[in-house]
Every structure is written in structure tokens, then in C-alpha cells.
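So you can see what is in the structure, the chains are spelled out below.
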Amino acid sequence: MNGVRKYDAVIVGAGHNGLICAAYLAKAGRKVLVLERRHQVGGATTTEEIYPGFKYTCCSYVVSLLRPWIIRDLELPKYGYEILPLEETFTPFPDGRFLLRGTDPEANRRAMAAFSPRDAEVYKRFGQEMAELGRLVKPVIDDLAPDPVSRNPKELLKLARLAKGLRGQGAPNEDTWLVGNLKMMTMSAVDFLSEWFECEQLIAPMSVSGIIGTFLGVRSPGTAYVLLHHYMGEIDGSYRAWGLPKGGTGAIADAIAASARALGVEIRLEAPVDHVLLEKGTARGVVLENGEEIRAKAVISGVDPHRTFLKLVGEKNLDPEIAQQVKRFKMRGSSGKVNLALDGLPEFTCLPGYGNHLRGDITIAPSIDYLERAYDDAKYGRFSRQPFMDVVIPSLTDPTVAPPGKHTMSIFVQYAPYNLKEGAADWPNQREAFGDAVIDTLAEYAPNIKERILHRQVLSPWDLEQIYGLTEGNIFHGELSLEQLAFLRPIAGWSRYKTPVDKLWMCASGTHPGGGIMGAPGALCARTMLEKRAV
Amino acid sequence: MATSYDAIVIGAGPNGLAAAARLAKAGKKVLILERGASPGGLSARREFHPGYAVPGILHDDALTTKKVVHKLDLEKHGLRFRAKPATYVAERNGPGLLLDADPAKAANAIAQRSRHDAEQYTLYRAFLGRIAPAIQSVLGDTPPPLTPRGLGELIDLARRGLVALKLKRHDILELARVAPMCVADFLNEKFQLPFLVEALAAPAVASTWNGPWSAGTTTNLLLRECAGGEAIAGGPAALVAALSAAVSAARVEVRRGAEVTRIIVQKGAVTGVRVASGEEIESAVVLSSADPKRTMLTMVPPGTLPVAIENEYRRFRCRGTAAKIHLALSGPLEFQATGGKLHEAIQIGGGHVDDLERAYDAIKYRQFSRQPNLEIRVPTVGDPLLAPKGHHVVSILASYAPHALEGGWTAAAKQAFGDAVMAQLEPHAPELRRFLVASEVLTPHDLETEFALTGGQLHHGEIALDQLLVMRPAPSAARYATSVPGLYLGGAGSHPGGGVRPTAGILAAEAVLAR
Amino acid sequence: MPIPSPFHERTAPLCKSLRWKDWSGYAAVCSYEVTHDREYFAFRESAGLLDVSPLFKYEVQGPDATALLSRMMTRDVSMMKVGRVMYSCWCDDRGKVVDDGTVSRLAEDHYRVTAADPSLHWIQDCGRSLNVRLEYSSARIAAAALQGPNSRRILVAGGATEVEALKFFGVTRSSLDGVSVWISRTGYTGDLGFEIWSDAKDAVKIWDALMAAGKPLGIEPAGLDALDVTRIEAGFILLGIDYFSSPKVVLEARKSTPDELGFGWMIDFDKDGRSNFIGRDTIQKERARKPAWHLVGLEVAWEELEALYSSFNLPPSLPATARRDGLPVYCDDGRQVGKATSHTWSPILKKYLVIASVIEGFAEKGTKLELEHTVEFERRKVGATVVPTPFYDPERKRKP
């Protein structure tokens, strides 16, 4: 076996990006091996039967941005990829009122008019403008990161075309249009939404889209453009805005893995990689924890940048400047998950009984001050005593995940800072208190929830790191803040999947275009490697 | 009977005076209308207690460049520069740190506490030095046209691009990386001394609606640190004096106590103004150095502006977040830790950048900071004539104090805030009470009323990433000419922003001359 | 889900055909019977009663109410006397049409504005810094349209004697069966007709009063299908079908100037002391040029249509209801020069009528164009001539 190059590429980590990268390389005829530490594929795209009979979508829980061209190229529906609609957004308020937004635009208008007739009218136009902005920004996520500091004329031409596209068409005085986009990139979600809307009951639940997975508050500059992501899924043509994957998000990874295997990819589970095999600074393969060496023409990392450079490569093997830049790449997990098995449905005081409001997205975000206070807690190293929560009950739409009459509930929580004041390692001591804070908060709106709980799983950022290998529990493999995006992701000048280590590539969320279940990093990495004949 | 003028300038603060001087230099007949009894606005000398004066509400942050001074021959009119005073960073239970304007001296002082930080500081200042020319070129020039029309504008854009490209690729990438960052992250990457991080961060967020953990505040920091300006001998009031002399020499007419209540627009263009007395004065050009909201939403008759443009000004955020406190002392402001040495510039914080963030948190909930961050100047150290012999005045910019305080700025609230400020200062200077002769607190509400300053916002509009350059104050007025022909905005609410510098006024005047 | 209008208690049991549609979130009847013919003929021969409550209504009151509407509307609202109604459009800053609707001056400082689309935010923006009170009165006010040659007699018989003297586009306080109402001589059928505005809680009473008074005079409840035929006959354009609201469209080409819509007569310039209305300057500049296109009426050449069907061995067949599917319009050398957006067979005129937008140069009266027409899945063309609108314009509409 020594010296024999068995594989064209070996990929560390069978997360959705790693699997997609493998599939595209295999499609081009390459021999690919994917090595996964855990007993199943998916990484944070996972469904697990933590409590017998109940399948928890442990980490991610909805999908909207999985690139339609990837779905088509890899024939994912053939392998079981199915998305069920998540149509309503339900926001209960402490005063007994609620906001329910769904698919009937007139009903939405009436619902919002109860809080502000003006906002109700403007809402539709806002959605339209966002969709338009999203449409024009979409090319950025389907392609390599633009490089504005390049002196390469081809790059500049590309940039010019992008700028032209962003300018829109027709009307004179397009300065204001471009400036509008610039404003969006720099404003806070609250400030941006406040330019359109006046009532807090609408601004608060809408602003949370800008902070998911970030260590920022809704009043923090730089959160407005993240709102756009919410609208990019909307106009995809691929099914609906946000959807629940049938079988939980693990089913997505399973579908990709099945497609990859059908294309000839080899996937080995319970094969943790210890380090990248380096010979004279070039990556020649990997070494597993059990000492086994596997060689390949190229090594691709499907894990986050810190893990890639500081663990798999090792700081001593890196140029000091690069090591410093990697260390500066901010991880800073800020979210947690609470997954529940229920023997019945929650009963919301403001809208009792069963209804469509339970089948969609339930958002606990009653006011801007509430959200800011939740963020303030995190800034100083505490989990939010009254957190923001995004709740779904997948079993109502997908009965396969729970026994009949019983339910699973997935609660995404912010904020839960990785770096507690007492240190990240104190999370095991604070985990249950954190879970209690979540349930207590939910119980303020649905008092019966506590009696319904059969089982509770609490995942802090520390747990996400321990179990899923997400450094500091950051779900996007690194903060999606302006200084860590596009040509700056993960480090300046190395955003096109190639790393400073020869023959080592990166294909996951820590590269452009970033995190979420998009698949673009994996696919674009494969494409780049093939174009550059790296494999 | 109204005579007619080539241009009317609203406001005799530094921007207004500079605009008038620039226009007059080009041969225009100019009238300045100032609502106050004397010129200067926020930069005017203020005798807040008989015998005790501060040389301006604003602190001189050395933003006025030589280039600007030369443009108006201000040295001829008595303007002198001086060395920037060192900043003493006070420390609870510690000797504090003196940051000299000279990087080498500052690094030496830091080295006493941390070798690591001293080295980093030298590198930091070197980086600032390398990017400074590019930043100064941006600050000193009219914002670029985003969508160039015609060859002239295209060349202009290319020229600016070339200046930027003079930077090494490494620095360009670094600049692109750090500009959107929050100043806490930026400084924490470099420095380990927590009170140093806080002290360097504080000026970047004072008077903004941001805290050190807010994205984009590094840009604020860079814009200040790389402004390339000089400290003015005599403070802001001296700048006002020189500009007044220049204006007078150019035979510009200045009317005081003349508040403009209406900008007269006929057939879609400016024809003059009306003042509080009812008198109407004609001119085809009106250049306002008052804040943009006030100018465009109250002086311009409602209904004149297209709705979309009116909304741009409504959205321009000008929430004041800082208060001014002035103290008259019968003795020196001596810090326990400095053993008798008097400092002119002092920073007082909690000792950690999180303390600064906590101070900011308060305004989100419409409260003032219980432990405000203090930017202090003791101008009598450099200019003893501001107070009786041996006495001193202390000028404190305290952050944060919101304009819209829950419950309003009642007398009790004002008192409580003043007490909070004193509680921050006294532990460092125990003799303070003994020397206290008088004090004055100006909340954002007071600033608004006294200076006709919307929101009490000292920079006429918040300094934030989305309210800079081409977005300041609005896309329709990014290059000083507004959508109303003949009406120009040339105050702190336009590029390059606030602080004691007359750049906006000059650039606005040049826009008038260019048309 | 659509919600019931204030008249639902009466209209629902009558809608035997179960043919409803969603009009601004309300359940609105398409036709009470399986076909709309009886309702159409009621509009033209006796009187049809139509629930128009889903219209958006706003009360603009206060000392600056006139100033606000002067700024918003292209027509000079300050010219209106109390008791008059004005039909106007309003534009954005670039002179592109946002919506059209009516403005009724109910009192010196009280106007009621109606619109097809929600417009509160627009009115609010026009009124900032002005001394006005705005009320979004849509839900509070029920509205019914009584249209047809017998409409006046029915109202008088019901107790609304004030309408006897009510001139075209006038509005008056009145009462029906003791219930206080406003009645305006306005409508969307292009015939003699009135709209009755009451408190929503009185809607059912109003309905009953009108039905009782109208029974001997041939009153029929009528739905939107019948209305659509009559409004095309009247040459009235419909927002969202024949033109699009400027803020709602993405393509610049889809926006319209008032002149392009035939609203040029609604532009009141240069009235001394009149404040600037939104879009004025751009409209004035645009007027230096010819409009890029025009909304016109077309009459299809019936003989050609018959001949076309004949060639397939079929009798001519046109859809029963008015249609809103867009059809291309060509000039004689085969180029597409426009699009038809509303078309209908007119039972009373016995003609196939079309509302279309055509580019400049093809809008002159008498111009011969061609309209696409599909027979047996084959796309063909038939001749259509540009004619003046309204197609149908009876004297009784405005006189006495």
C-alpha cells in the first residue's frame, strides 16, 4: 500500500458540503474517498433517534437555499430528497395578541393591519423589493467570490458586470439604487426595517432573520443584508421558501450520500482523521486516528477553518502570518438547540387549540428590547435568560418522525455563547439551566408544554463542538460577518477553496459563500479543483 | 428692503464661515445668517460661568488639515497649530498610561506595562501611517459619483482608484478586512491590556449610536486616526476667530440673531430665505450648514421635495448620544495617580472594553449610562486665560446619554446624570469637590434647544457605516447640491462628517462654484 | 381566506352558483347565477345592485386636507366644491401612475378618497408635517353600487329624495329607510348610477331597503362578471389589468404616464398659488415629447371573425364573460405594436370590444390593426380598428 496513490481525492468529513464535493468529483470520473468520524453522514445535517421512536432533527431543521442546480445535477429527489412546505409564521406576544403570516396575502394584510394598517400595505412591496434585490445578489452565491482588489482584467470585467447587474435597468438616476444596496450591506436589521415599517410587532420577528447564527444583535450594524438570505430562497423556483425536509435534515445528507455512492464515491464511517499527511509542506493524504495512512492526489477538508488549519495541519506547519489570520477568523458560536419528544401538542394561550399556526414556524421574538436583552446577556458571557426562539413541530407535517399522536419539537435558541464567563468547559454545568430557561420561556406562551415533555435534549455550542466537530459551536463554520465574507472567507486572498498548504483544499461552510444548507461551497470547490486540474 | 446676494450661507459655525470665505474668495457677494448672538456654533467659545470659558462645545480632535487651512489663508488670519496633547488614560487602582501623539513615545510608555502591546502599538501606528494618505484623500475630497456620467466623471473615478491602488495589496486586503469590523475585535486582535483597548476604542464610538462591539466602528476609528489634521492653538474657538477674520477681510456680511425660518422655493428653485423677523432676502444660492433634517424638513416648505427624497431625510438618523459637562474649578484637576502632573486630555472608562459596551447598552433601552465613559479636556492647561489665574475649566464629553430618554430629561434626570459623571471622575481626582466652583450639564435635549441641533446630535447626523461618504446625508445630496436647484448642504451632516473641521463648507462652496 | 363583506348575509344565500372570488381579501360574488346575463341586462335595462365594499376608503380631514390632496392628486382638488366628486389619478415622483380613484368633498375639510389598491402609506407620506387627520375607513364603511336606468327612481322610492337633484359626480347626504347614508352619482358601468356609502353595521338594512324599493322597478343583485362587461363597454381601465401601479412593478417599461393611459385630462398645471403635485415636473418635461404608447379602444371586425371560424367549419364563439388574458396586437406588416388587456363581447352593442395599449404611431382613430385570435388551437389574426372610447355612452349617464 505504501506509495500507491489509491485515490484522486480524500475528503475529511461527510457533512453535506463534503458529500456534494465528492459527488461532483466522482461525476467527473475521479476516485473519491470520504472519511467521517461519526457513525453516520451529515455532520450538522442530521436526524437521530435520540429517544426511542422519535427522530430529532438535531441541529439544522429547515432548508431553503440548497442550490436547485445541485438538486438537479445529483438527482437528489431520486434518492429520497423531499421538502414539505413550512407555510405559516406564528409570533405570539405576551399581551395575548399574535401575528400569523401565511400564504394568503390578503389575510396577512388583515393580520398586520391589526397592529399597523400602514405596515400591512407596505409589507407586500417590501417583500417584492427584497426578492428583487435577492435575485440580483444570487449570482454571487452561485459563483466564486468576487475579488475587488484584483488587478486582473478578467476579474475586473467580472466585477463590472456584477456591478452593472446590481444597477438594475431602465430608470435614470441609478445612483440611489446602488446606494440603497450599500445601505443594506451596512445597516442593522432594525434600522433597515424601521425605514419601511413602524410597528414593533412586525419589526421584531422580521429582524431575527438577520441574526440567526451570528454573534450580533438586531440593532447591530451588518445584520440587514442577512435578511436578504430569507428572500433568496423565496424566488428560487425550487419548491417553497423554507421547507421541512421529510425525515429531518439528515434525510438530505442521506440523499446526497446515496447519490454520491451511486456515482462511485466511497464513504467510510467511524474513520476519524487525526492529521493531514504532509511531506515537505505538501498534503499527500491523511492519517487516521488508528494510524492508518491514506494517500491521495489532493486532500479536501470538509471541516471548519480552525479545525482544518490548527488541528489537521497544525500551527507549526503553517506560515505564522497565515496561522495568525486563521486564529483571527472568528468562530464564536452563539446558538443552541433544544429538541423535545412530546406526547401531545402545545396549547398557546393566545390561540388555543390545533391550527395551521402550529404547523409552521413559531417565533418567540416579542419586541426589539427583548431581543437586545437576549443579546446583551451573551455579550457578557451568559446564555440569554429570556432567549429568542425559533420553534417547529416537524411531526405535524412529517408524521414519519414520531409515533402516531406524539410529536417532536425542534427549538433553535439564541443566544447561547460558546465562551461563557466561566469558560466554555462550564457548559456541562450550565446546560440544564439553559434548557430550563428555554422551556420556561416557551411555557409563558404555552403553559401546558412542561407536562407534554417526554424527553429533552439540550445542545449547547460546547456540545455542538464535542459531538459534531463545530469549532466553538458556530453553525456556519465561522461568523457570517462582513469582514469574513466573500473574498475574505476564510482568510483574505484564499477564498477560492485552495489553501496556502499545497494540495490541501477546503470545501465547506468556512469558504464562500458561507453557511447554511446551501451546498455551493462543496460544488464550487469541486468545480474549481477540476478546472485547475488539481485532481 | 432686501438686497440680493450671490449666495446666502446659513450658520456661522466653522463650515458656514469657511463656505462663505471660499465663495467670497471667488468674488461672490455673500451673506451669512447666524441665529446666535455670536458666530461659532458648537465651536464657539462658551463662558458657561462668569470668568470661566471652554473654547468650544466640541473638542478639537485634530481633524483640520493644513491643506484646508492653506485654502483659506487662515494662518494669515491668526490661526496657529500646536502639538497634539498627549492623552492620559486613567486607571482605577493603577498609574494609568500616557499616550503621546508621537508613536515612539507612546510605545515606550506602553512598554512599561506590556512589551507585547508596545510592539503591537508600533505596528498599529505604522499601518495607520501607510493607509493615511488614501483616507485623507477621501476625507478631503468630494464624494465620488457612483455611476459616472460622462468622461470627466469617469476620469475622476479612475484617479481616485489609482490613489487607492498605491496601497500595497496586503494593506488593501487588511483595510477591506478591518473596515467592517467592530472596534473591539480590531483592537483585541492587537492588544492585551484591557484598559488600553477601551481607551483606544472610546473615541471611535463617542457621540455615535454604536458601541465598541458594533460592526463598522473600526471605520470610525480609522477616519479619526488617519484624518491627518493638526491640533489648533486655542482650540475650536481659535478656528472660528481665524475664519471670522477671513470672512471679514473678504467683506462678507454677517448678520447675527437672524434665524432662518424658511427657504423660499419658487417654480422649483431657490430664490431666497425668510428670517424670523419676517424679512425676506433674495439669492439664487442658499448654502446651509445647519443640520440636514432641519434644513430640508423644516426650512424647506413641506411639500416641496419629492416624497422619495423627503423620506431620505426622514430616515437620516441623528440621535444625540452624548452630553457635555463643564466644570469650573478653583484649582487644578489633579489625578492621584499622576503625582501632580496636569494633563490636558484624559480618558476615563471602566477599564475594559465591555464597560464601554455596557455604557452603550443603556441607550438601547432609552436610559443613560450609569457609568458613563468620559472624554475630558482641560483646556486651561494649554490656555490659562480661559479661567482666573490658577483656576481651571474641565470639558467632559460623556457617553452615553440618549436624546430620547425614557421619561424625558427632567431636572432630576439631568441631576442624576451629572452625579453619574462625577462618580466616574471623583475616584481619580479626590480633590475635585473641594475645587468645584460651578458646573453645567448640557444634555442632548439642551444641545438641541440651544443650538438648533436636531436630536442634539453633535455631528448633525450619526456617524455610522451607512451614513458616510456618498450616503451622507442622502444620496440625492451626496455632493453637496440637493435636489432643489440652488440649495446646497455644507455642514457636518455632509461629507466628511462632523468634528471641528471646515472641510464640508469648503467642498460645498466649491460645488456652488462648479455649477 | 377571504372574509365576508358587510353585505354577506344577503349576498351569500343569493349566490346559488357558488361562484365567488377574492377581492382585496373579501369574498365577492362573480355571478349569482351560473351565467351573468341577467345581471348584465339589469345594469343596462333596469338596475343592478353590486356590493363594492372591498374598495379602499380613506377619510382625509383637517385644515390641511386640501393641501394634502392637492399634493397627491394630479387634478386640482382645491377647485372642488363641497358636494362634488372628482375622478383623478396620482403619480410617483417620476410622474408614473400609482393608482386612480375618486375624491369626494364631503365638507370643507373632509374628503373621502377611494382606491383600488391599499394607499394609506401613500396618503400618510403626502401628509407629513401637515395638519391632517387620516382614517383608514375601509372596514367601517360599506358601499353598494346601484347602476342602471332605473337607479334614480329606485333610490327616490326608497326615501333618498336628495338624489333627484343630484348632478353627475355629485355627492350628498341622504337616507334610506331612515338610515343615514352618503350617495354619490358615480359608478363603474358608464351609465346612470349611484354609489351608496353607509356604516358597515347598516349594510343589511340598506340592501333590504333598496331591494324592496327596486322590486317593482326590476332590481337585480349583480356580480363582478357583469360589471366587467359594462366597464369595458364604458372604456374604463382597471388597475392591475390594463395598467400597473408604478411602485409594484419591476420593469420600467410597465410603468405608465398619465398621458399613456388617457388620463392626460386629469393633469392640472400651473394654477396660480397651487402647490406642486407629485410628479408634476417630470410630467411637464415628458409632455415635450409624445407619449411612448397609448391606451385605446378597438372594435374587432365581426365579419372577419365570422369568416375565420367559417374557415374551420365552425360558428363564431366568443367567451361568455369579459376576458383579461393578454393578447398581442399587430400592425398590418406583422409587427407586434401592442397588447390587448381587456376584451368582451358587448351584448348591447353587438360588438367584440377590446381595451388595448399600442405604441405611438398606431393610436390614431381609424387605424387598422390586427388582434390575435385562437381557433381550434391555431393562432390567427382578425382585424380591429381603433375607435374612440367610451364605446357605450348613454346621455342619461350625465343628464339631467
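Residues numbered from 1 in each chain as written. Chains lettered and ligands numbered in written order. Predicted model: local features only at pLDDT ≥ 70, side-chain atom pairs only at ≥ 80, totals over all residues. Heavy atoms only, no water.

## Digging into the overall build of chain A
Move 1: A count of helices and strands for chain A gives 18 helices and 18 strands.
Move 2: On C-alpha atoms alone, chain A measures out to a radius of gyration of 23 Å, which is about the 24 Å that the 2.2 N^0.38 rule sets for 535 residues.
Move 3: Expressed as lengths along the three principal axes of its C-alpha atoms, the size of chain A is roughly 70 × 65 × 45 Å.
Move 4: Taking all 535 residues of chain A together, the buried fraction comes to 65%.
Move 5: Sequence separation of 24 or more characterises 72% of the internal contacts of chain A that already satisfy a separation of 6 or more.
Move 6: Per element, the accessible surface of chain A, about 19000 Å² overall, is 51% carbon and sulfur.
Move 7: Put simply, chain A has 62 plus and 63 minus side-chain charges, and the middle of one group is 7 Å from the middle of the other. (Helix = DSSP H or I, 4+ residues; strand = E, 2+ residues; numbered from the N terminus. Rg over C-alpha atoms; globule rule 2.2 N^0.38 Å. Buried < 20%, exposed > 50% of the residue type's maximum accessible area, 1.4 Å probe, protein only. Contact = heavy atoms within 4.5 Å. Areas by Shrake-Rupley, 256 points an atom, 1.4 Å probe, with all protein chains shown as cover. Lys, Arg positive; Asp, Glu negative; His and termini not counted. Charge placed at Lys NZ, Arg CZ, Asp CG, Glu CD.)

## Describing the overall build of chain C
Move 1: Scanning chain C for helices and strands turns up nine helices and 19 strands.
Move 2: In terms of overall dimensions, chain C is globule-like: its C-alpha atoms have a radius of gyration of 21 Å, near the 21 Å expected for 400 residues.
Move 3: Along the longest, intermediate and shortest principal axes, the C-alpha atoms of chain C span 60 × 55 × 45 Å.
Move 4: Once local pairs closer than 6 in sequence are excluded, the contacts in chain C between residues at least 24 apart make up 66%.
Move 5: Looking at chain C as shown, the accessible area adds up to about 16600 Å², and 52% of this sits on carbon and sulfur atoms.
Move 6: Counting 52 positive and 55 negative side-chain charges, chain C places the averaged centre of each group 2 Å from the other.

## Some thoughts on the sheet that holds strand β14 (residues 361-364) of chain A
Residues and elements named next belong to chain A.
Move 1: Across the sheet, seven strands lie side by side as β7-β6-β14-β15-β16-β13-β17; this open sheet has mixed pairing. Two strands bound the open sheet, and with one partner strand each, they are β7 (98-101) and β17 (453-459). Here the average twist between neighbouring strands, direction ignored, is 15 degrees.
Move 2: Where strand β15 (residues 388-392) and strand β16 (residues 407-414) come together, five bridges link them in antiparallel fashion. Looking at β16, one finds that M389 is bridged to V413. (Pairing = 2+ DSSP bridges. Axes fitted to C-alpha atoms, helices over the stretch in contact; angles between N-to-C directions.)

## Some thoughts on the nonpolar core
Move 1: Core analysis: the largest hydrophobic core is formed by 79 residues, its most contacted members being F126(A), F192(A), F197(A), F348(A), M409(A) and I411(A).
Move 2: Looking at which element gives the most residues to this core, the answer is helix α15 (residues 427-445) of chain A, with eight residues.
Move 3: Two domains each donate at least three residues to this core, and these are domain 2 (124-237) and domain 3 (331-471) of chain A.
Move 4: Residues contacting I411(A), with those up to four places away along its chain left out, are G336(A), K337(A), V338(A), N339(A), L340(A), M389(A), D390(A), V391(A), V438(A) and L442(A).
Move 5: A107(B), I110(B), F191(B) and V197(B) belong to the second largest nonpolar core, which has 51 residues in total. (Core = buried A, V, L, I, M, F, W, Y, C linked by side-chain atoms within 4.5 Å. Domains from an automatic or database assignment.)

## Some remarks on the confidence of the model for chain A
Residues and elements named next belong to chain A.
Move 1: On average, residues of chain A carry a pLDDT of 90, and 92% of them reach 70 or more.
Move 2: Within the model, the stretch residues 169-173 combines pLDDT values under 50 with nine contacts to residues more than four positions away or in other chains.
Move 3: Overall, residues 235-240 carries pLDDT values under 50, and its contacts beyond four positions in sequence, including any with other chains, amount to 15 contacts. (pLDDT = per-residue confidence, 0-100.)

## Regarding a nonpolar patch on the surface
Move 1: Taken together, the side chains of L151(B), L154(B) and I155(B) present a nonpolar region at the surface, about 320 Å² in accessible area.
Move 2: Structurally, L151(B) can be placed in helix α5 (residues 150-165). (Patch = residues over 30% accessible without salt bridge, like charges linked within 9 Å, V, L, I, M, F, W, Y side chains within 5 Å. Salt bridge = Lys/Arg side-chain N within 4 Å of Asp/Glu carboxyl O.)

## As for the interface of chain C and chain A
Move 1: Each partner contributes to the interface: chain C provides 23 residues, whereas chain A provides 18 residues.
Move 2: Between chain C and chain A lies a buried interface of about 1700 Å² when both sides are counted; carbon and sulfur atoms form 48% of it.
Move 3: When the buried surface of chain C facing chain A is broken down by residue, R94(C), H121(C) and V250(C) rank first, second and third, together holding 28% of it.
Move 4: Inspection of the chain C/chain A interface yields one salt bridge. (Buried area = accessible area lost by both parts, 1.4 Å probe.)

## So, the pattern of salt bridges
Move 1: The tally for this structure, following the rule as stated, stands at 94 salt bridges over all chains.
Move 2: A salt bridge links K379(A) to E357(B), with the nearest nitrogen and oxygen atoms 2.4 Å apart. Remark: E357(B) occurs in helix α13 (residues 353-364) and K379(A) occurs in helix α13 (residues 368-379); the pair is interchain, linking two chains. Like E357(B), K379(A) is buried.
Move 3: E450(B) serves as the salt-bridge partner of R46(B), at 2.6 Å between the closest nitrogen and oxygen.

## Here we look at the packing of aromatic side chains
Move 1: Under the definition given, this model contains 35 aromatic pairs over all chains.
Move 2: Their ring planes at 70 degrees and their centres at 5.2 Å tell us that F368(B) and F417(B) sit as a pair that is edge-to-face. Separated by 49 residues along the polypeptide, F368(B) in the loop between α13 and β17 (373-377) and F417(B) in helix α14 (residues 411-425) bring together distant segments of the chain.
Move 3: F417(B) sits in the buried class, given a relative accessible area of 0%.
Move 4: Taken together, Y123(A), F126(A), F192(A), W196(A) and F197(A) form an aromatic cluster joined through their ring pairs. (Phe/Tyr/Trp six-rings, centres within 6.5 Å; stacked < 30°, edge-to-face > 60°.)

## Here we look at helix α6 (residues 203-214) of chain C
Move 1: If you check α6(C), its first and last C-alpha atoms are 16 Å apart, about what 12 residues at 1.5 Å a residue would give, namely 16 Å.
Move 2: Within α6(C) the residues assigned to the buried category are A203(C), V204(C), I206(C), W207(C), A209(C), L210(C), A213(C) and G214(C). (Expected span 1.5 Å × (residues − 1).)

## A look at the domain arrangement of chain A
Residue and element names in this part refer to chain A.
Move 1: Domain boundaries assigned for chain A yield domain 1 (5-46 + 249-329 + 490-531), domain 2 (124-237) and domain 3 (331-471).
Move 2: Between the C-alpha centres of domain 1 and domain 3 there is a distance of 31 Å.
Move 3: Of the roughly 720 Å² buried between domain 1 and domain 3 on both sides combined, carbon and sulfur atoms contribute 52%.
Move 4: When residues of domain 1 are sorted by the area they lose upon contact with domain 3, R37, D304 and R307 head the list and together hold 46% of the total.
Move 5: Where domain 1 packs against domain 3, one counts zero salt bridges.
Move 6: For the interface between domain 1 and domain 3, the tally reads four residue pairs in polar contact (both at pLDDT 80 or more). (Polar contact = N/O pair within 3.5 Å; in protein donor to acceptor, adjacent residues only side chain to side chain.)

## Regarding the pairing of strand β12 (residues 193-199) of chain C
Residues and elements named next belong to chain C.
Move 1: Most of β12 sits inside the fold, with six of its seven residues counted as buried.
Move 2: In this sheet, β12 lies alongside strand β9 (residues 141-147) in antiparallel orientation, the contact comprising seven bridges. The residue of β12 that forms the bridge with L146 is F194.
Move 3: Pairing of strand β11 (residues 179-184) with β12, which is carried by three bridges, proceeds in the antiparallel orientation.

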